Amino acid sequence: MIELKAVSKVFGQKIALDELHLTINDGQIFGLLGPNGAGKTTLIRILTQILEPSKGTVYFKGAPLNFSDVKAFGYLPEERGLYKEMKVLDHLLFLGRLRGMDYKSAKLSANHWMDKFDVSSWSNKRINTLSKGMAQKVQFMGSLIHNPEVIILDEPLSGFDPLNIQMILDEIKELKKRGKTVIFSTHNMSSVDDFCDEVAIVNHGTLVIHEKVTSLKENYRTGDFKLRFKGNQIALANALWTSFELLDCRELNQGQFEARIRSRGGQKFNDVFNELSGAIALEAMEEQLPTMQDVFLKLVTNEK
Amino acid sequence: MKNSWFIALRELNERLSNRSFRWMLFIGPLLVLLAVFVLVETSQQGVESMKVLVADPANILDGKITAHPSQQLEYDFYNEYLDHEVFKNDARFNGYDALIEVNHKVLDNKTVRIFYREQPSFTLKTTMRFDLEGRVEEVMLDQFSTMNSNEFRKIKQKLNVRFMDVDDPLNTSEEETAWVGYSLGYLMLFFVGFFGMNITRSINREKTNRISEVLLSSVRPNELMMGKILGNLLSSLLQLIFWIFLIGIGLWAFKEFFFQDYFIPDYLNQTQVDEQQMSSLGMKNTFQENMSLELLYYRINYPFVMLNFGCFFLGTYWVYSSLFTVLGALSGDESDGQQFSLPIWIFIFLGIYAGYYAMSYPNSEWTTFFSYFPWTSGMVAMVKICSGVSTIAYSLLFLAFAVQLCVGTLLVFMAGKVFKQGILSNNHRVSFKLLRSWLRKN
């Protein structure tokens, strides 16, 4: 477990983090969200001990974080770097050895990851001869080579093509299955929807919210429903009456419509179904929970 | 420190994979050997024939010098005392190319000085020396001994013949060896400057390709910095050792295969003097007449000089590397690193000047200052060590070395502070204000 207690970081006159309290439990995928300049990268650099907090303490497994803990962390920074003149295998071995591995286990691990990401045939190629996607895989492997307990990924999906994004996301799921903690900073909200167990939204150096994704969506539900029906729009409008607001409606086929409605009184799925099923022939209906994009925008806008 | 070692090895591997580094391993020593060859060859160039005045006020040689005079040498005798300054300036002696000064105690002190206006050729020097040796031997046999010449040669002392430029008679052997020290100091500063710039470049490259952040999530900034300093030291030492090794082999090969003629020159065969006879005259070989060869093969105590060169190389690298590290951390991009290296190069040029100054004015106050100033002390030490130092002066040189180590350590500590702040910063404007603020931060 990682625990931040009243962590602040000041650069000259600028407060990058202000008295931040945060707990990240083991074995989960933790989304760290926030607009540009919110303090996410500063927070990550404090966790990876690249920066020291101006005030406050970071605890790892109940004890104050110290430099020997870096071996338990794998880090893929937003601005990624590689030694372009080095060969793929040499680069991975170098990073592995810096993180405390002996040569033999570093080589074993490097070969494992190269096989997994299908780059074994490139092991003796110089990095500057690789395609961008291939180089990004090498960077990702570099953060995992020493089998860390906590993996911090700062914008891991940026610049990847869809195939590689899927490969990375699958690997993140796999890491979670193996009990690893993944801290995931991203602007890609759909990936947060799909993967994160908990999220923290940071803005202006302060914690805006920290919740489970499911409860966050639940708390910020808008009462919007999407339905497909047969009949006519007038019948729907009559059925909605004063309890619902019709947001939009479009005809899919002859006599078949798709509409979005919003409940005004906090009605649940069954209430909506019961009220509408007598007036129109409902074919499908689902509640539209807010996306993380919606929640994020709402929270950050409210902050402003 | 384990991580510093991995970083150092990576730096070394990067240098080794660099084509220009590999080329320099061979081209550098070849250029030095070429320079040595040219130096030796030019040393034997000179005037091919001479008219020589033998000033013999005591008439010891009795107006004779050899029964088989060389066609290139014409001797005249002058039976009065003649100072080399008078010989140089008096119009009466303008027709002579050289003055042999036979002092009245020559049979006791076994010393003859030859003042030349222009450097005689290697062959002429050897001939003059040989003629003088032979004549002095005859005189001694006539005056003091009932022995035959073979018996006498077994007990006789070697005649010390010193060739001097009449315009610069004080050009002593110490100055020649000091030039060797100066050359070594120059080589030291060249290596320190060249490989020091690699530290700056390496830091800038890591800032540009953003690898620094990955590294700093695994190692402390000080470990990264020390790794860079150590890595570049290893690559410079590798280059240096390779140079020393190849130059050593080259000098040996020169001696064995190219400079053999200097031991038994053609004229000896012409005059039918064999090597044994020459040796019996007290002449080990004619090698000694070639100043450069003598300097290279006999007058330099290589183990002693190289041991000290190693020490001062490390000390000098240590004080300069911290400056190159600060420069790398401070600069916003690679061009900053190059532009702002100028102040460091000024220190290097000051070192080169200090070496020259120490040769010209070995006992001046400024030389004393340069010998303790950490950025120039390595160069001055090499000049002093090669010139020959007393035990006390030598221990003072080690004080200078200790100053280098202390100042270097302090600077590396300060460089660590700048490095810690600067390694993640790029595209910023370099300023003293920024440097001051980074130095203040913990």
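All residue numbers here refer to positions counted from 1 along the written sequence of the relevant chain. Throughout, the order in which chains and ligands are written sets their labels, letters from A for the former and numbers from 1 for the latter. Note on the predicted model: pLDDT of at least 70 is required for a residue's local features to be given, and 80 or more for side-chain atom pairs to be given and counted; whole-chain, interface and lining totals, by contrast, use all residues.

## What to know about the overall build of chain B
Consideration 1: Secondary structure follows DSSP: runs of H or I at least 4 residues long count as helices, runs of E at least 2 residues long count as strands, and numbering of each begins at the N terminus. Scanning chain B from N- to C-terminus turns up 19 helices and 5 strands.
Consideration 2: Labels follow a simple rule on C-beta atoms placed from the backbone: if 20 or more others lie within 10 Å of a residue's own, it is buried; if 12 or fewer, it is exposed; otherwise it is partly exposed. Each of the 442 residues in chain B was classed as buried or not, and the buried ones make up 37%.

## What about the overall build of chain A?
Consideration 1: When its secondary structure is counted, chain A shows 10 helices and 14 strands.
Consideration 2: Viewed in the frame of its principal axes, chain A has a C-alpha envelope of about 75 × 45 × 30 Å.
Consideration 3: Going through the 304 residues of chain A one by one, you find that 37% of them count as buried.

## Regarding the sheet that holds strand S5 (residues 160-165) of chain B
All names here are of chain B.
Consideration 1: The strand order across the open sheet formed by 5 strands is S2-S1-S3-S4-S5, and the pairing between neighbours is mixed. At either margin of the open sheet sits one strand with a lone partner, and together these are strand S2 (73-78) and S5. Across the sheet, the axes of successive neighbouring strands diverge by a mean angle of 20 degrees, strand direction being ignored. For two strands to count as paired, DSSP must find a minimum of two bridges between them. Axis definition: a line fit to C-alpha positions, over the contact stretch in the case of helices; interaxial angles, taken between N-to-C directions, run 0 to 180 degrees.

## Some remarks on the sheet that holds strand S1 (residues 2-11) of chain A
Residue and element names in this part refer to chain A.
Consideration 1: Spatially, the 4 strands line up as an open sheet ordered S2-S1-S4-S5, and their pairing is antiparallel. The sheet is open, and its two borders are formed by strand S2 (14-24) and strand S5 (63-64), each paired with just one other strand.
Consideration 2: Relative to strand S4 (residues 55-60), S1 runs antiparallel, the two sharing 5 bridges. Counterpart to Glu-3 in the pairing with S4 is Tyr-59.

## Topic: the packing of helix H15 (residues 342-360) of chain B against helix H17 (residues 377-387) of chain B
All names here are of chain B.
Consideration 1: The geometry of H15 relative to H17 is characterised by a closest axis approach of 8 Å and an angle of 30 degrees between their N-to-C directions. Taken together, the axes of H15 and H17 lie roughly parallel to each other. Handedness of the H15/H17 crossing: right-handed. Residue-level inspection shows Gly-351, Ile-352, Ala-354, Gly-355, Ala-358 and Met-359 of H15 in contact with H17, the latter providing Met-379, Val-380, Val-383 and Lys-384.
Consideration 2: Residues are sorted three ways: Asp, Glu, Lys and Arg are charged, Ala, Val, Leu, Ile, Met, Phe, Trp, Tyr, Cys and Pro are nonpolar, and all the rest, Gly among them, are polar. When the residues that make up the contact of H15 with H17 are grouped by side-chain class, the tally is 7 nonpolar, 2 polar and 1 charged. Roughly parallel covers angles under 35 degrees, roughly antiparallel covers those over 145, roughly perpendicular covers 65 to 115, and oblique covers all other angles. By convention, the crossing between two helices is left-handed when the near helix turns anticlockwise from the far helix through less than a right angle, and right-handed when the turn is clockwise. By the convention adopted here, residues are in contact when the distance between their C-beta atoms, placed from the backbone, does not exceed 7 Å.

## So, the interface of chain A and chain B
When the parts of a complex come together, some accessible area is lost, and that lost area is often used as the size of the interface.
Consideration 1: In this complex, chain A contributes 19 residues to the contact, which on the side of chain B involves 16 residues.
Consideration 2: Elements supplying a minimum of two residues to the side of chain A that touches chain B: strand S6 (73-76) and helix H2 (88-98) of chain A.
Consideration 3: Among the elements that line the side of chain A that touches chain B, the one with the most residues is H2(A), at 3 residues.
Consideration 4: Among the residues forming the side of chain A that touches chain B, the class breakdown is 10 nonpolar, 3 polar and 6 charged.

## Looking at the domain arrangement of chain A
Consideration 1: What counts as a domain boundary in this text is fixed by an automatic or database domain assignment. Assigned domains within chain A: domain 1 (2-218) and domain 2 (222-288).
Consideration 2: Spacing between the C-alpha centres of domain 1 of chain A and domain 2 of chain A amounts to 44 Å.

## Points about the nonpolar core
Consideration 1: In plain words, the nonpolar core is the set of buried Ala, Val, Leu, Ile, Met, Phe, Trp, Tyr and Cys residues that C-beta atoms within 7 Å link up. If you look at the biggest cluster of nonpolar residues, it comprises 127 residues, and the most contacted ones within it are Ile152(A), Met188(B), Met382(B) and Val383(B).
Consideration 2: In this structure, Val383(B) is in contact with Ala178(B), Gly181(B), Tyr182(B), Gly185(B), Gly355(B), Ala358(B) and Met359(B), ignoring residues within four places of it in sequence.
Consideration 3: Membership of the second largest hydrophobic core comes to 25 residues, among which are Ala55(B), Phe115(B), Leu132(B) and Leu159(B).

## Considerations on helix H5 (residues 162-177) of chain A
Consideration 1: To estimate how far a helix should extend, the number of its residues minus one is multiplied by 1.5 Å. An ideal rise of 1.5 Å per residue puts 22 Å on 16 residues; H5(A) measures up with 23 Å between its terminal C-alpha atoms.
Consideration 2: Backbone geometry just after H5(A) places Gly179(A) at a positive phi near 85 degrees.

## A look at the packing of helix H18 (residues 391-422) of chain B against helix H19 (residues 432-440) of chain B
Residue and element names in this part refer to chain B.
Consideration 1: In the contact formed by H18 and H19, the axes pass within 8 Å of each other and the chain directions differ by 105 degrees. In this view, H18 runs roughly perpendicular relative to H19, as classed from their interaxial angle. For the pair H18 and H19, contact is made by Met-414, Lys-417, Val-418, Gln-421 and Gly-422 and by Leu-435, Trp-438 and Leu-439, respectively.
Consideration 2: When the residues that make up the contact of H18 with H19 are grouped by side-chain class, the tally is 5 nonpolar, 2 polar and 1 charged.

## So, the pairing of S4(A)
Consideration 1: Both S4(A) and S5(A) contribute to a ladder of 2 bridges, which runs antiparallel. Opposite Phe60(A), over in S5(A), you have Ala63(A) as the bridge partner.

## Topic: the pairing of strand S1 (residues 50-55) of chain B
Residue and element names in this part refer to chain B.
Consideration 1: In terms of burial, S1 is largely enclosed, as 5 of its 6 residues are buried.
Consideration 2: As paired strands, S1 and S2 are joined by 6 bridges and run parallel to one another. If you follow Met-50 over to S2, its bridge partner there is Leu-73.

## Here we look at the confidence of the model for chain B
Detailed reading of the predicted coordinates is not advisable wherever pLDDT is low.
Residue and element names in this part refer to chain B.
Consideration 1: This prediction gives chain B a mean pLDDT of 81; 84% of its residues lie at or above 70.
Consideration 2: As a per-residue measure, pLDDT reflects the predictor's confidence and takes values from 0 up to 100. Low confidence marks residues 263-276, where pLDDT is under 50. Its contacts with residues over four positions away, or in another chain, come to 14 contacts.
Consideration 3: Note on residues 280-288: pLDDT is under 50 here. Beyond four places in sequence and across chains, it has 23 contacts.
Consideration 4: At the level of chain-chain contacts, confidence expressed as ipTM amounts to 0.80, with global pTM at 0.73.

## Here we look at the environment of Gly223(A)
Residue and element names in this part refer to chain A.
Consideration 1: With respect to the element layout, Gly-223 can be found in the loop between helix H7 (213-219) and strand S11 (224-230).
Consideration 2: Each C-alpha atom of the pair Gly-223 and Phe-244 lies 9.5 Å from the other, and the pair is 21 residues apart in sequence.
Consideration 3: If we ignore the near neighbours within four places in the chain, the residues touching Gly-223 are Arg-262, Ser-263 and Gly-266.

## Topic: unusual backbone geometry
Residues and elements named next belong to chain B.
Consideration 1: Despite not being glycine, Asn-59 shows a phi value in the positive range, around 55 degrees.
Consideration 2: On the basis of neighbour counts, which here come to 11 C-beta atoms within 10 Å, the residue Asn-59 falls in the exposed class.
Consideration 3: The backbone phi angle of Lys-110 is positive, close to 55 degrees, even though this residue is not glycine.
Consideration 4: Structurally, Lys-110 can be placed in the loop between helix H4 (106-109) and strand S4 (111-116).

## Re the environment of Ile261(A)
Residue and element names in this part refer to chain A.
Consideration 1: On the secondary structure map, Ile-261 appears in strand S13 (residues 256-263).
Consideration 2: For Ile-261, a count of 24 C-beta atoms within 10 Å puts it in the buried group.
Consideration 3: Considered as a pair, Ile-261 and Leu-240 are 21 residues apart in the sequence and their alpha carbons are 8.6 Å apart.
Consideration 4: Once residues within four sequence positions are removed from consideration, Ile-261 is found in contact with Phe-225, Leu-227, Leu-240, Phe-244, Glu-245, Leu-246 and Leu-247.

## Concerning the environment of Glu171(A)
Residues and elements named next belong to chain A.
Consideration 1: Relative to the helices and strands, Glu-171 resides in helix H5.
Consideration 2: Its 19 C-beta neighbours within 10 Å are what place Glu-171 among the partly exposed residues.
Consideration 3: Sequence spacing of Glu-171 and Lys-116 is 55 residues, and the spatial spacing of their C-alpha atoms is 9.7 Å.

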